[in-house]
Structure formats: structure tokens, C-alpha cells
Amino acid sequence: MFRHRFSVWIYILLGLAIIGLGSKLLTNPTGFIMNILIIAGLGALIYGAIYFFIIRKRTTDDLIKYKKAVKQSKKKYKNQQTKKASTSKAIKKNQPILKKKKHIKKTDAPHLRVIDGKKQKRKDRATF
């Protein structure tokens, strides 16, 4: 029952806010637009300050190391792709056009690896 009363007050408050915004828009549209722009500017300024002083400082050492590893990986594999592209161009020039076949090679991602852990022997459930 408390929720129902609370939601009624919320609807009344929202209705009054809409009526107030509508009357402000009809009586003084330039003032209304200026108020909206000022509120949006202050909101952006407050968000920027919070982000700059609080959120940005929370980056952990692990996140910094991860970003550095991603950059190194991109550099490494970008160089390998350019080498492959230059060698494949030389090979393509020597091959006749009719003998070209599409070979789609599906490989695992080279930066991922499987880590084998200790596996316990399964219990034979047939014998008790």
C-alpha cells in the first residue's frame, strides 16, 4: 500500500513538472532554451570533473598492463600480416589465373593458449 501512495505522489510531481515546462515554453521560449543549455552545460561540467578526478584514477595496474599487452600484440601481428601480404603478392604473380583456388584456413587465435590443469580421476559410480 505504501508503494501505491508513493507512486501516486510521483505521478503528481511529474504532472506538475510537465505543466511548468509547458507554460515556461509558451511564455518565454528563449529563456527556456537558455535554461536547458545551462543545465546541460553544468551537467557535462560536473560529469567531466567527476570523471577526471575520480573515475580515471581508479584504473588498476592490471588494466594498464593489459592495455600495454594489447598494443604490443597489435603491433606484432600487424607486421606479420604486412609481411604475408607482400609475399602473397609475389606468389600470385607467378601463378596462372585459372589455377587459383580459395583455401580458407581456419586457425586458432595465436594469442590464446590452453592451460591444462590437474585432472582428478573420475570415480567409478557403478561400484560402491
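Here goes a summary of the coordinates provided. These numbers come from a predicted model, not from an experiment.

Next up on the list: the packing of aromatic side chains. Applying the stated criterion to the full structure yields 2 aromatic pairs. On the basis of an interplanar angle of 20° and a centroid distance of 6.5 Å, the ring pair of Y47 and Y51 is categorised as stacked. You can see Y47 and its partner Y51 sitting in helix α2 (residues 29-55), 4 residues apart, about one turn around the helix. Judged by its relative accessible area of 39%, Y51 is partly exposed. Each ring, one from F52 and one from F53, has its centre 5.1 Å from the other, and the planes form 85°; the classification is edge-to-face. By relative accessible area, F52 is classed as partly exposed at 42%. Note on F53: relative accessible area 56%, which makes it exposed.

On to the environment of H111, then. Inspection of the secondary structure assignment puts H111 in the segment after α3 (61-94). Of the residues examined, H111 reaches a relative accessible area of 54% and is grouped as exposed. When the C-alpha atoms of H111 and Y77 are compared, they prove to be 9.7 Å apart, with 34 residues separating the residues in sequence.

Cut-offs applied
- Residues numbered from 1 in each chain as written.
- Predicted model: local features only at pLDDT ≥ 70, side-chain atom pairs only at ≥ 80, totals over all residues.
- Heavy atoms only, no water.
- Phe/Tyr/Trp six-rings, centres within 6.5 Å; stacked < 30°, edge-to-face > 60°.
- Helix = DSSP H or I, 4+ residues; strand = E, 2+ residues; numbered from the N terminus.
- Buried < 20%, exposed > 50% of the residue type's maximum accessible area, 1.4 Å probe, protein only.

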